[in-house]
Structures are given as structure tokens and as C-alpha cells.
Amino acid sequence: KEVGNRQAFPDVEPGFMRDLLPSDAPKAGESWEDVYSDIERVVMKGMTHWNASGFFGYFPAASSFPGLLADILCGGATCVGFTWVASPSCTEMETVMMDWLAKALNLPQCFIHGGHGPGGGVIQGTASESTLITLIAARSKVISRELSRDPNLSMYDVLSRMVVYTSNCSHSSVERAGLLAMIKIRKLDAGREGVLRGKTLQEAIDEDKKNNKIPTFVCATLGTTSCCSYDNVDEIGRICEIEDIWLHIDAAYAGTALICPEFRHIADGIQRSTSFNFNPHKWLMVNFDCSALWVRDSSYLSNSAKVNALYLEHETQQTTIDYQHWQIPLERRYRSLKIWFVLRMVGIDGLQSHIRRGVAEAKYFESLVRKDERFEIVFPVTLGLVCLKLKRPGLNLEENSINKELNRKIQDDRRIHLVPSTVHGIYFLRVATGSVNCSRQALDN
Ligand SMILES: *Cc1c(COP(=O)(O)O)cnc(C)c1O
Ligand SMILES: *[C@@H]1O[C@H](CO)[C@@H](O)[C@H](O)[C@H]1NC(C)=O
């Protein structure tokens, strides 16, 4: 059965796999036929099918024929391109593909490798890593700035005074980056609309500066996971410029929409950001994993955790990019191949139609919901996410409990798979369109 026609969420209980597998690995190798015959019985039995037509959870997980082909070639060719010499092809394809993508999304010139500035792009595994690595870069930038002002300080004095700001609607990975980097994080009120405004940020910064803290990093979101709201990057960016704070933009999901000119207004003010990230593996038809990160000045990334080892040195390291210094692991796969195959075989036109189709599906579903008096739309439908809830006049609590009940029934029924969310104490259901097998027919059901 094709994945599109499978049940989105499997009928299995925790621990099901142990009963299906022997307790130890086989001593002698088995034939491919034997392994193959177990794929359905063991693997597929417990899959959540992100590309089933009944899957509307989270945000979509990209999958395409060109993306799959590239991953097969990547596995077959075995590439570990941590320095230029470790694989010149891998390194150079990545710099060119990041420029292709930056131009296709109309990103600011400062992010382009071929733009002759210190900026450029790199492929990370996930948005979480992109946030963490830019926070680490900002941390070392601030440490050297403060130590050059006052050499009597220790880096730990500086670290203990740093503050990271984000909205309380941003993704959990931002809080996690703060924990991992051991920097205090302030989650600012994004209000009813889930939008962080400049005024809120400015007040927090002023208060912290009064208390001898060092505002270090702001992570703004374009397209929040809970409700697809957009922080006011223009207002936030102006403040970050004046206060000399690193502004990172997490556009993991919505960034893909910038490929269509009619959606570019969501990123107004992006030219003020220090780094920008989105996940082609969500909505741009590039199979997981592929998270695109651009920085205005790559030296902060590559100098923040630079170590040298003789076995990694090579003759051209002064003039070539060694992506090992732009990421947490050393080894890296040839992920840009997926971008190249997808951009060539689908083309910018094809990708634009794919995005427009996802948005049209969401608008269509929104229109169905609006016709039904029992439901209401909770947040504006701007891209491929519809947030809805059952209406019940009276207390929030009562309304939340009937919506929780509805969610439970939908999960038990198994025909479709959704995840709920909550903003400002309101519980609602999220319907994310735009996966490769999503269709109006699926939405009608
Ligand atoms: C999905 C998502 C993330 C997390 O992405 P990973 O690549 O899994 O780390 C972060 N931020 C937003 C806004 C997201 O939608
Ligand atoms: C954000 O914080 C404000 C103020 O503390 C609170 O009223 C609001 O409900 C919070 N929003 C979310 C999504 O948690």
C-alpha cells in the first residue's frame, strides 16, 4: 500500500516492537529476502505516516522523488565532507546551493557567499541546532566584546549576566538552546495574537540593563508552531541594531513560503537580522534532514568553537570553507545534493505551485469550518495552518474541556491525525495542510 493510503497513526501499544523481534542479533547473516519480508510485519506496523492523506499534525514533512534519489546517491557515494579536502564537491555544492536558495527566497544580500561579504549559508540537521549554534556564536561574540572592555572580568562573570529573549509562543527548541548554552532565557508575552512586539522587548531589555545584565540574543519566530503567528521582526530588528544584540530568526516552517513573492511581506524587517533559518525538510520538498541557516558574518560561527588537529589540517584551509567549524558535529553528509536535485527537477515554478496548493487547501478547509456554526477559527489563516475550536459560550475552562474531548475522539477514531495546541490559555486543534498527499478530498472527509 502506498504511504498516502495508509492510516496516519498506527494501532500499536508501547513496547509492541519487543514482541516482534528476537531478543538477540542473529549470529549468521540472513538473506535480503528475509529482511524484506519483515518490513511490513515489523516496521510499517508501527509507523506514524506523515505523508498519509489523513495526516494533518505538526507541520508537514517533505518528501519528493528527487529528494529520495539524492539521499540514495549520497548513501551510495559515501561522503563525509567536514573540510574542503574531505570532499571538495560536498563543500562547494553546499555553498552554491545555499546561494541559490537565498536568491530564490529573496533573502538579503548579506547572507550570500558570492556576495563578497563575510556572510553565507550552511546546512544544519535541524532548526534546533541552528538556534543553538547561533546562540553559541552570539555568546562568544559578547564574551570577547565585554572582555575587551574590561580585561579584569572572567568569561563566567559575563556568561552569568547574559540574557536571551524570545516570545512565549516560540518553539520549545529555543528554551532548550538557552538551557544547553547555560544562558538565562526570558520568555516575553506575545499577547493574544501570539506576536512579540518591539515595545515588550524594549521594556525587558531596559529592566535587565538596569540590573547589570547583558542582553545577548533575541530569537524571533516567523510562523510559530502553535498558531503560525509572526513576531514583528522590523520593530525587534531596530532595537537589536541599536542595542547590539544578535537577532536570530526561526522561520523553520514559514520560511519556505518566501519562495512566493506574494508571501514575502511576512518577513518584513528581515534585513535587520543577524541570522536566518528555515527547514526545507518541512515544506520545500527536500527530505529530512535539511535545515538551511544563513549568517551575516560567518566568522562568529567558525571562531566560537574552533579547535585544530593536525589530521584535519590541509593546504587550502586559509582560502576554502571548512564547514566543520560551522556546526556541532565534525562529520557531515552531502545534504546539498537533495536541494540541487529538487531545485533542478521541480524548479522554482514547481515549488511555488506546491506552496500555493498548500495554502489553497488551508483556505478551503477554513471556508468549510466557517460554514459550520459549531466551530470557530482561532487565528488568521495565512499559510497552511488552520486553528479551530468548538464554540461554547461561557467559561474558557468549559470550552477547553469539550475541545479536549473532541481531540480524544479524533485520536481514537484514527481516520485523521492532528495535534492540539494552546495559546493564552485557549485550547484548540491544529490542521496543517501542504503535505505531498494532502488533498481537498481528504479535507472533505
Ligand atoms: C519545527 C519547528 C522547529 C523545530 O525544528 P527541528 O528542525 O526539528 O529542530 C523550530 N521552530 C519552529 C518554528 C518549528 O516549526
Ligand atoms: C504569555 O505570557 C503572558 C503573560 O505572562 C500570558 O498571559 C500568556 O497567556 C502567555 N502566552 C502563552 C502562549 O503562554
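To keep things clear, this report deals only with the structure shown in the data block. (Residues numbered from 1 in each chain as written. Chains lettered and ligands numbered in written order. Predicted model: local features only at pLDDT ≥ 70, side-chain atom pairs only at ≥ 80, totals over all residues. Heavy atoms only, no water.)

### Comments concerning the pattern of salt bridges
And step 1. Under the counting rule described, the total for this entry stands at 31 salt bridges.
And step 2. Close ionic contact of E241 with R272 constitutes a salt bridge, the shortest N to O distance being 3.1 Å. One end of the pair, E241, is in helix α9 (residues 233-243); the other, R272, is in the loop between β5 (246-250) and β6 (275-278), with 31 residues separating them in the sequence.
And step 3. According to the relative accessible area criterion, E241 is partly exposed, its value standing at 46%.
And step 4. Its relative accessible area of 17% is what places R272 among the buried residues. (Salt bridge = Lys/Arg side-chain N within 4 Å of Asp/Glu carboxyl O. Helix = DSSP H or I, 4+ residues; strand = E, 2+ residues; numbered from the N terminus. Buried < 20%, exposed > 50% of the residue type's maximum accessible area, 1.4 Å probe, protein only.)

### Describing the nonpolar core
And step 1. L107, F276, F278, W294 and L383 are the most contacted members of the largest nonpolar core, which has 75 residues in total.
And step 2. The greatest single-element share of this core, amounting to eight residues, is contributed by helix α12 (residues 336-371).
And step 3. Here this core spans two domains, and each of domain 1 (72-345) and domain 2 (347-444) adds at least three residues to it.
And step 4. Discounting chain neighbours no more than four positions away, the residues touching L383 are C228, Y230, Y253, A254, A257, F263, I266, W283, V359 and A362.
And step 5. Core analysis: the next-biggest nonpolar cluster, separate from the first, contains 26 residues, A138, I143, V174 and A177 among them. (Core = buried A, V, L, I, M, F, W, Y, C linked by side-chain atoms within 4.5 Å. Domains from an automatic or database assignment. Contact = heavy atoms within 4.5 Å.)

### Some remarks on the site of ligand 2
And step 1. Contacts to ligand 2 come from N168, C169, D189, V423 and H424.
And step 2. Interatomic distance of 2.3 Å between a side-chain N/O atom of N168 and an oxygen atom of ligand 2.
And step 3. Here an oxygen atom of ligand 2 and a side-chain polar atom of H424 are 3.3 Å apart.
And step 4. Coverage of ligand 2 by the protein chains reaches 54% of its 360 Å² of free accessible surface.
And step 5. For the shell around ligand 2, the residue count by class is two nonpolar, two polar and one charged. (Near = heavy atom within 4 Å. Polar contact = N/O pair within 3.5 Å; in protein donor to acceptor, adjacent residues only side chain to side chain. Areas by Shrake-Rupley, 256 points an atom, 1.4 Å probe, with all protein chains shown as cover. Nonpolar A, V, L, I, M, F, W, Y, C, P; charged D, E, K, R; others polar.)

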